[in-house]
Amino acid sequence: MATLASHLRPDPASSHPQMEEVPLLRGSNCRAKGAAPGFKVAILGAAGGIGQPLALLMKMNPLVSVLHLYDVVNTPGVTADISHMNTGAVVRGFLGQPQLENALTGMDLVVIPAGVPRKPGMTRDDLFNINAGIVRTLCEGIAKCCPKAIVNVISNPVNSTVPIAAEVFKKAGTYDPKRLLGVTTLDVGEVLGLDPREVNVPVVGGHAGVTILPLLSQVNPACSFTSEEVNHLTSRIQNGGTEVVEAKAGAGSATLSMAYAAAKFADACLRGLRGDAGIVECSYVASQVTELPFFASKVRLGRSGVEEILPLGPLNEFERAGLEKAKKELAQSIQKGVTFINK
Ligand SMILES: NC(=O)c1ccc[n+]([C@@H]2O[C@H](COP(=O)([O-])OP(=O)(O)OC[C@H]3O[C@@H](n4cnc5c(N)ncnc54)[C@H](O)[C@@H]3O)[C@@H](O)[C@H]2O)c1
Ligand SMILES: O=C(O)C[C@H](O)C(=O)O
C-alpha cells in the first residue's frame, strides 16, 4: 500500500520527526492545507483497552484537529488503523519514552488511560504500586512539554492518581488546579434502570467504592425513590465498575463504556476551551467543597478549564451519612498519592 511518507515525506523540520508513516489516506492525514482549526489532543496509553476505542472516538470529534497516540507498545499499528478514518483530525503515533516529549509538545488536552486495570478480587487501590509511577512519569512529561494543557486522568486509583499529578505539577512549578481533572464520568452513566438519555444524577466524592456517592435526591427530572431503591441504586452505582471486572473474569475492567465516557468528558473540556457556555460535568478536582483538597462534584468548564465548582446542594440524611463515609476513605487515598511524590 502506498504510504503518505512515500508520496509526501514529512517536512524534515517537522517537530515530529518520529511521526509514524501513515498510509496514503482513505482518511484525512493527507491534507492540502494543514490541519483544520481545532484542538490538539494526546492520548497516553492509546494502545490499551480504553485507549484504542477512545482514539477512534476522538478521531471522530470535529473539535480535534491533531490527535497524538502514545503508548509503550503497539502505537504504529493503532495509528495506521485510526489514520484510515476519513475525519478531520491528523493522527500521529509515538512509541516509548524517547518519543513522549514529541507526543506531548503543543497539546491542548492530554487524556491518560495508561496503566494496568483490575482483575477480579482487586480494589482500585491495588493498582497503586504500578500505576502511581506511570502517572508520575507521564505528568513529568506534561509539565515539561505542555504545561498549559488540560489533563484528564483516567488511570486508577483516580482518588490517588489525581493528587499524584498535582504534586508532580507543583514540583515543576506548573500546577494549575483548574486544568487537572479526574474522569469520573462513567459513574454518572451508571444510574441503572433509568433511561440515561433522560436522567441526570450528580455523583460526587471520588471514584472507588463508598467514595462514589450518587445524590439521588437531586435526580433530574425529579423523581422519588423508596429507601430500598436508594440503597439498591447506590450500591449498584458504587459497584458498577466491579460488576464489569467480574463479568470480564480477568480480561480487565470497563473499556468500551469508559472510552465512551472519556470521549464525552474530553468533548466537554474542548467545548469549554472553545468558550461554549453552560458546560457542566462531574469531575474529581482540587476543591473547597469539603475540607478535603480534592473532591468530585459538578464543575463548570470554560476556556481556563474548571471555571466554577458548584456546591453540593441539599443532601438528605442518607446522603449526609454517605458523605462522611466517602470523606474518610478519600482522605486516606489523597494522602497516599501526596506521600508517594513527597516521600
Ligand atoms: N476512571 C475510570 O472511570 C476508569 C474506568 C475504566 C478503567 N480505568 C483505568 O484505566 C486504566 C487503563 O485501563 P485499560 O483497560 O485501558 O488497561 P489496558 O491494560 O488495556 O491498557 C493500558 C495501556 O496503558 C499502556 N501503558 C502502560 N504503561 C505505560 C506508560 N508508562 N506510558 C504509556 N502507556 C502505558 C499499556 O501499554 C496499555 O496499552 C486502568 O488503570 C483502569 O483501572 C479507569
Ligand atoms: O472498576 C474499575 O477497576 C475500572 C473503573 O474504575 C470503573 O469504574 O469501571
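What counts, and where the lines are drawn
The residue count restarts for each chain, going from 1 along the sequence in the order it is written. Naming scheme: in the order in which they are written, chains are lettered from A and ligands are numbered from 1. Under the rules for a predicted model, residues below a pLDDT of 70 receive no local features and side-chain atom pairs below 80 are neither given nor counted, while totals for whole chains, interfaces and linings still include all residues. Neither water nor hydrogens contribute to the side-chain values; these are computed over all heavy atoms in the structure. UniProt positions are given in the numbering used here, feature names are shortened, and annotations may be inferred rather than shown by experiment. Helix and strand labels come from DSSP, where a helix needs a run of H or I of at least four residues and a strand needs a run of E of at least two; each type is numbered from the N terminus. In this analysis, two residues are considered to be in contact whenever any of their non-hydrogen atoms come within 4.5 Å of each other. Here, two cysteine sulfur atoms that lie within 2.5 Å of each other are counted as a disulfide. The buried label applies to any residue whose accessible area, calculated with a 1.4 Å probe on protein chains only, is under 20% of its type's maximum; exposed applies above 50%, and partly exposed to all values in between. Here an angle of 0 to 180 degrees is reported between the N-to-C directions of two axes, which are lines fitted to C-alpha atoms, with helices fitted over the stretch in contact. Two helices crossing with the near one rotated counterclockwise from the far one by less than a right angle form a left-handed crossing, whereas a clockwise rotation gives a right-handed crossing. The classification used treats Ala, Val, Leu, Ile, Met, Phe, Trp, Tyr, Cys and Pro as nonpolar, Asp, Glu, Lys and Arg as charged, and all other residues, Gly among them, as polar. Nonpolar cores are built from buried Ala, Val, Leu, Ile, Met, Phe, Trp, Tyr and Cys residues. Side-chain atoms within 4.5 Å join them into one set. In this text, near means that some heavy atom of the residue lies within 4 Å of the molecule or strand in question. Any N or O atom pair separated by 3.5 Å or less is treated as a polar contact, with the protein-specific requirement of one donor-capable and one acceptor-capable atom, and with residues adjacent in sequence counted only for side-chain atom pairs. Areas reported as accessible are Shrake-Rupley estimates using a 1.4 Å probe. Residue values count occlusion only from the protein chains shown. Each helix should span, by expectation, one fewer than its residue count multiplied by 1.5 Å. Salt bridge criterion: a side-chain nitrogen from Lys or Arg within 4 Å of a carboxyl oxygen from Asp or Glu.

An unreviewed UniProt entry lists the protein under the name malate dehydrogenase, from Urochloa decumbens. The record in UniProt for the protein states the following under Subunit (unreviewed entry): "Homodimer." The record held by UniProt for the protein lists under Catalytic activity (unreviewed entry) the comment "(S)-malate + NAD(+) = oxaloacetate + NADH + H(+)".

Asker: Break down the environment of G322 for me, citing the residues and quoting the values.
Answerer: Its place among the elements puts G322 in helix α11 (residues 317-342). The sequence separation of G322 and L215 amounts to 107 residues, and the corresponding C-alpha distance is 9.6 Å. Here G322 is in contact with V210 and L213, once residues within four sequence places are set aside.

Asker: Tell me what's going on with the state of the cysteines, and back it up with residues and numbers.
Answerer: For the structure shown, the criterion picks out zero disulfides. Here C139 is not disulfide-linked; the sulfur of C146 is the nearest cysteine sulfur, at 9.6 Å. Judged by its relative accessible area of 0%, C139 is buried.

Asker: Talk me through the packing of helix α6 (residues 158-172) against α11; I want residue IDs and the actual numbers.
Answerer: As a packed pair, α6 and α11 sit with axes 8 Å apart at the nearest point and diverge in direction by 35°. α6 and α11 meet at a crossing whose hand is right-handed. Residue-level contacts link N159, S160, P163, I164, E167, V168 and K171 of α6 to L330, S333, I334, K336, G337, V338, F340, I341 and N342 of α11. Grouping the constituent residues of the contact of α6 with α11 by class yields eight nonpolar, five polar and three charged.

Asker: Give me the nonpolar core: which residues, what numbers.
Answerer: It is characteristic of soluble globular proteins that their nonpolar side chains tend to be buried jointly. Counting residues in hydrophobic clusters, the biggest one holds 49 residues, and the most contacted among them are L44, V110, I112, I142 and F169. Ignoring any residue separated from it by four or fewer positions in sequence, one finds I112 in contact with L44, L138, C139, I142, V151, N152, V153, I154 and S155. In this structure, F39, V78, V111 and L181 belong to the second largest nonpolar core, which totals 42 residues.

Asker: Give a description of the site of ligand 2 that names residues and reports values.
Answerer: Close contacts around ligand 2 come from R118, R124, N156, L186, H207, G241, S253 and A254, and that covers them all. Separating an oxygen atom of ligand 2 from a side-chain N or O atom of R118 is a distance of 2.6 Å. Protein contacts shield 94% of the accessible area of ligand 2, which totals 260 Å² for the unbound molecule. Taken together, the residues that form the shell around ligand 2 break down as two nonpolar, four polar and two charged.

Asker: So what about the UniProt feature "domain: Lactate/malate dehydrogenase N-terminal" (unreviewed entry) in the protein? Which residues, and what values?
Answerer: Listed under "domain: Lactate/malate dehydrogenase N-terminal" (unreviewed entry) in the UniProt record, and renumbered for this structure, are residues 40-182. Annotation note: span residues 40-182, helix share 38%, strand share 21%, distance between end C-alpha atoms 19 Å.

Asker: Summarise the environment of I112; cite the residues concerned and give the values.
Answerer: Of note, I112 is situated in strand β4 (residues 109-112). The exposure class assigned to I112 is buried, which follows from its relative accessible area of 0%. Between the alpha carbons of I112 and C139 there is a distance of 9.3 Å; along the sequence they are 27 residues apart.

Asker: Requested: an account of α11, with residues and values cited.
Answerer: Here α11 contains 26 residues, and its C-alpha end-to-end distance of 37 Å stays within 8% of the 38 Å for a straight helix at 1.5 Å per residue. Among the residues making up α11, those that are buried are E319, G322, L323, A326, K327, L330, S333, I334, G337, V338, F340 and I341. Structurally, the start of α11 carries an N-cap: the backbone nitrogen of F318 is 3.1 Å from a side-chain oxygen of N316.

Asker: Now, about unusual backbone geometry: what can you tell me, with residues and values included?
Answerer: The omega torsion across N156 and P157 is 0°, close enough to zero to call that bond cis. Note on placement: P157 falls in the loop between β5 (150-153) and α6. The amide bond that connects N220 to the next residue, P221, takes the cis arrangement and shows omega of 0°. As for its position among the elements, P221 is in the loop between β8 (212-214) and α8 (227-238). Not every positive phi belongs to a glycine, and N74 is a case in point at roughly 70°.

Asker: Break down the pattern of salt bridges for me, citing the residues and quoting the values.
Answerer: Side-chain pairing between opposite charges can occur once the charged atoms of the two side chains come close. All chains considered together, the criterion is met by 11 salt bridges. The partner of E324 in a salt bridge is K327, and the shortest N-O contact between them spans 3.2 Å. Placement of the pair is E324 and K327 together in helix α11, with a separation of three residues, close to one helical turn. For K327, a relative accessible area of 11% translates into the label buried. Connected via shared salt-bridge partners are E291, E324 and K327.

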